[in-house]
Amino acid sequence: MKRPPLSVCSAVFLAGVAGITLGCSEPLHIGDDVLWSADHETGDLSQWTTQGDGQTAFNIGDAKASTLDLSLEATDAGMSVEVTADAAHSGTHSLKLSNPGNDDNRETGMEILRVIGPTEDAFYSAWFMLPSDIELSPSITIARLRSRNEAGEVFNGEELQLRSLPTGGYVLQVFNNNSAFLREPLPEEPPYLAAGRWSQIEARYESRMSGRLRVWLDGKLVYDLNGRPGATGKDLVLSICNTGEGFNPAPLALFVADVVVSLSRMGPSGSLRAPGD
């Protein structure tokens, strides 16, 4: 069934006395290849949780654990996932994930997950924004491509992380807990995200064993990785996260908008493209 377009209008983000004005553009026509999407214009998390296919979860940061314990709740009231009107990329709402940090060498924080289903090749797109320059110790994870087996266990997978730069802004990195992979080297031209500006990150994940992961930043291919370990479970699970160790200043708020999982590439324009494009 054809989905309605995501309408795009101007929005203003207010942080203290600073204001960031976001411009208007044409509606984002997301087409027929969409497996799932969330524009957050419902004002709540219902687009993530419909039909019991999604939930929030607290990640305790156990680097040795291969699965995520979905029963845990946040130990700090400052760790939260909510839909807010504080910032928006399209429409009037976005997802806001907050994390006060703990500085205990554990990457803790909240995740929100959506079960996509059994797909071996799909595109995962979202717009991300950190409103200001924050020193990350050492990084934050903003997205995970997880998987789930028939028993309901949710496994680790590919991770997209941000590291802060001394000169301001952030670089995008790829990480996998598999000891044969871990953190990928930065490209010759590091993929840069500026604070206070929305950036589109899109990943094409071919999840079979020895599969392939490609990542675009604002429409530019920045990672093309072959021979990846692949998904452990049959069902793919998209997780948007704000997990990390320490931040200066704290807390850290991550805004996320216009999340789309599709069979074709979205691109920054919002128009679906053929997989070879």
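All residue numbers here refer to positions counted from 1 along the written sequence of the relevant chain. Note on the predicted model: pLDDT of at least 70 is required for a residue's local features to be given, and 80 or more for side-chain atom pairs to be given and counted; whole-chain, interface and lining totals, by contrast, use all residues. The side-chain numbers reported here are obtained from all heavy atoms of the structure, hydrogens and water having been left aside.

A word on the overall build of the protein
Stated precisely, the cut-off is as follows: The way it works is that DSSP assigns letters per residue, a run of H or I at least four long becomes a helix, a run of E at least two long becomes a strand, and they are numbered from the N terminus. Burial status follows relative accessibility: with a 1.4 Å probe on protein chains alone, a residue under 20% of its type maximum counts as buried, one over 50% as exposed, and anything between as partly exposed. Contacts: residue pairs with any heavy atoms within 4.5 Å of one another. Only the protein chains shown count as covering a residue, and every accessible area follows the Shrake-Rupley method with a 1.4 Å probe.
The helix and strand inventory of the protein stands at one helix and 19 strands. Within the protein, buried positions represent 52% of all 277 residues. Counting contacts in the protein only where the partners sit at least 6 residues apart, residues at least 24 apart contribute 68% of the total. In the form shown here, the protein has an accessible surface area of approximately 12,000 Å², with 50% of it arising from carbon and sulfur atoms.

Describing the environment of Gly 78
Mapped onto the secondary structure, Gly 78 falls in the loop between strand E5 (67-68) and strand E6 (80-84). Expressed as a C-alpha distance, the spacing of Gly 78 and Pro 251, which sit 173 residues apart in the sequence, is 7.8 Å. Ignoring any residue separated from it by four or fewer positions in sequence, one finds Gly 78 in contact with Ser 98, Asn 99 and Pro 100.

Points about unusual backbone geometry
Of note, the amide linkage connecting Ser 137 to Pro 138 takes the cis form, showing an omega dihedral of -5°. Looking at the element boundaries, Pro 138 is found in strand E10 (residues 135-148). With a phi close to 60°, Gln 51 is a non-glycine residue in the positive phi region. Relative to the helices and strands, Gln 51 is located in the loop between helix H1 (46-49) and strand E4 (54-59). Gln 51 sits in the exposed class, given a relative accessible area of 74%. The backbone phi angle of Asp 218 is positive, close to 50°, even though this residue is not glycine.

A look at the side chain of His 93
The condition that has to hold: Any N or O atom pair separated by 3.5 Å or less is treated as a polar contact, with the protein-specific requirement of one donor-capable and one acceptor-capable atom, and with residues adjacent in sequence counted only for side-chain atom pairs.
The residue His 93 is located in the loop between E6 and strand E7 (94-99) in this model. Looking at His 93, its side chain comes within polar contact range of the side chain of Thr 92, at 2.8 Å. Apart from residues lying up to four places away in sequence, His 93 is in contact with Asp 39, His 40, Glu 41, Gly 43, Val 83, Thr 84, Ala 85, Ala 87 and Ala 88.

Thoughts on the pattern of salt bridges
Put simply, the test is: Each reported salt bridge corresponds to a side-chain nitrogen of Lys or Arg within 4 Å of a carboxyl oxygen of Asp or Glu.
If you walk through the whole model with that rule in mind, you get 15 salt bridges. Linking Glu 189 and Lys 220 is a salt bridge whose minimum nitrogen-to-oxygen distance equals 2.9 Å. Residue Glu 189 is located in the loop between strand E13 (182-183) and strand E14 (192-193), and its partner Lys 220 is located in strand E17 (residues 220-228); the two are separated by 31 residues in the primary sequence. Residue Lys 220 is classed as partly exposed on the basis of its relative accessible area, which comes to 42%. With a closest N to O distance of 3.5 Å, Asp 218 and Arg 197 form a salt bridge. Of the two residues, Asp 218 is situated in the loop between strand E16 (211-217) and E17 and Arg 197 in the loop between E14 and strand E15 (199-206); the sequence distance between them amounts to 21 residues. Overall, Arg 197 belongs to the partly exposed group, its relative accessible area being 37%. Several salt bridges share partner residues, and in doing so they unite Glu 107, Glu 111, Arg 144, Arg 146 and Glu 159 into one network.

Thoughts on the packing of aromatic side chains
Note the cut-off: Any Phe, Tyr or Trp ring, taking Trp's six-membered ring, that has another such ring centre within 6.5 Å forms a pair; planes under 30 degrees apart are called stacked, those over 60 apart edge-to-face, and the others tilted.
On inspection of all chains with the given rule, the structure shows two aromatic pairs. Aromatic pair Trp 36 and Trp 48: ring centres 4.7 Å apart, planes at 65°, arrangement edge-to-face. In this pair, Trp 36 is assigned in strand E3 (residues 34-38) and Trp 48 in helix H1, connecting sequence segments twelve residues apart. The class of Trp 36 is buried, set by a relative accessible area of 6%.

Details of the pairing of strand E12 (residues 170-176)
On any regular strand, side chains alternate: one points to one face of the sheet, the next to the other face. Put simply, the rule is: DSSP-based pairing: two strands are paired if at least 2 bridges between them are found.
In terms of burial, E12 is a largely internal element, seven of the seven residues being buried. Where strand E11 (residues 154-164) folds back onto E12 in an antiparallel hairpin, the turn is made up of five residues, including Gly 168, whose phi is positive at roughly 105°. Here E12 runs beside E14; their pairing, made up of two bridges, is antiparallel. In the sheet register, Val 171 faces E14, and the bridge partner there is Tyr 192. Bridging between E12 and E13 involves two bridges; their strand directions are antiparallel. By the bridge assignment for E13, Phe 175 is matched with Arg 183. Between the antiparallel neighbours E12 and E13 lie five residues.

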